[in-house]
Amino acid sequence: MEPLSIQIYEKNPGKLGYKKPDGANQHSAHAKRDDDVVWQCIDTLGGSPFAVLFGEKTPFDRYSYSASGGGTVTAKVRGGTITGFKYKYSVAVFKGSGAPLTDDPEIIIDEG
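Residues numbered from 1 in each chain as written. Predicted model: local features only at pLDDT ≥ 70, side-chain atom pairs only at ≥ 80, totals over all residues. Heavy atoms only, no water.

Draft legend 1. Fine view of the nonpolar core. The biggest cluster of nonpolar side chains holds 27 residues, and the ones touching the most others in it are Ile8, Val37, Trp39, Phe50, Phe60, Val93 and Ile107. With four residues, strand 8 (residues 86-93) is the single largest residue contributor to this core. Contact partners of Phe60, with chain neighbours within four places excluded, come to Val37, Trp39, Phe54, Tyr65, Ala75, Lys76, Val77, Arg78 and Ile107. (Core = buried A, V, L, I, M, F, W, Y, C linked by side-chain atoms within 4.5 Å. Buried < 20%, exposed > 50% of the residue type's maximum accessible area, 1.4 Å probe, protein only. Helix = DSSP H or I, 4+ residues; strand = E, 2+ residues; numbered from the N terminus. Contact = heavy atoms within 4.5 Å.)

Draft legend 2. Fine view of the side chain of Ser48. Along the polypeptide, Ser48 turns up in the loop between strand 4 (36-41) and strand 5 (50-54). Beyond its immediate chain neighbours, meaning those up to four positions away, Ser48 contacts Cys41, Ser68, Gly69, Gly70, Val93, Phe94 and Lys95.

Draft legend 3. A look at the pattern of salt bridges. Tallying each qualifying case throughout the model produces three salt bridges. Between Lys95 and Glu10 there is a salt bridge whose closest N-O contact spans 2.5 Å. With Lys95 in the loop between strand 8 and strand 9 (101-103) and Glu10 in strand 1 (residues 4-12), this pair connects stretches of sequence that are 85 residues apart. Judged by its relative accessible area of 21%, Glu10 falls in the partly exposed class. Residue Glu106 pairs with Lys88 through a salt bridge whose shortest N-O separation is 2.9 Å. Taken together, the positions of Glu106 in strand 10 (residues 106-110) and Lys88 in strand 8 put the pair 18 residues apart, joining distant regions of the chain. Taking the relative accessible area as the measure of exposure, Glu106 reaches 7% and is therefore buried. By relative accessible area, which is 52% here, Lys88 ends up exposed. (Salt bridge = Lys/Arg side-chain N within 4 Å of Asp/Glu carboxyl O.)

Draft legend 4. Structural context of the pairing of strand 7 (residues 72-76). Where burial is concerned, the two faces of strand 7 differ: the one with Val73 and Ala75 is buried and the one with Thr72, Thr74 and Lys76 is not. Of the strand pairs in this sheet, strand 4 and strand 7 are connected by five bridges, and their pairing is antiparallel. Looking at the pairing, Gln40 lines up with Thr72 of strand 7. (Pairing = 2+ DSSP bridges.)

Draft legend 5. Structural detail: the packing of aromatic side chains. Within the structure shown, the criterion is met by six aromatic pairs. Their ring planes at 65° and their centres at 5.4 Å tell us that Phe54 and Phe60 sit as a pair that is edge-to-face. Take Phe54: its relative accessible area is 7%, and that puts it in the buried class. Taking relative accessible area as the criterion, Phe60 reaches 0% and is therefore assigned buried. Centre to centre, the rings of Phe85 and Tyr87 are 4.8 Å apart; their planes meet at 70°, and the pair counts as edge-to-face. Looking at Phe85, the relative accessible area reads 32%, which means it is partly exposed. (Phe/Tyr/Trp six-rings, centres within 6.5 Å; stacked < 30°, edge-to-face > 60°.)

Structure, rendered in C-alpha cells:
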C-alpha cells in the first residue's frame, strides 16, 4: 500500500499548509490502521528542518518525530489505534534563524 504523503508548505508568509502530491488539502488528514504516513517540507521550505509533535494521544508508536533539512519523517499507524478520533498534533518548521513556523493540524484514523 502506498503511504499517505503529507507535504508541508508555506501557503502564506508565516502560515503553514498541508497537501497531498495531487494538491488535495491535508490539514485534516485521513489514514487507516497500519498505514505509513510520510511528512515532508516542500517548495520554499524544502531545505528546512522540522518536527511533528503529538500531545496526550498519538496513533503512532512515538510522540515526536523530526527531520533535518530536506529530510522526511515516516511513521506507521498502530494496529490497535482508536478509529474515528481526531489526533491533534503540532508542526514546527525551522526556516532561517528566526522563530519557527508552527501550526496544529490533525490526523483522523478511519476503519479499514
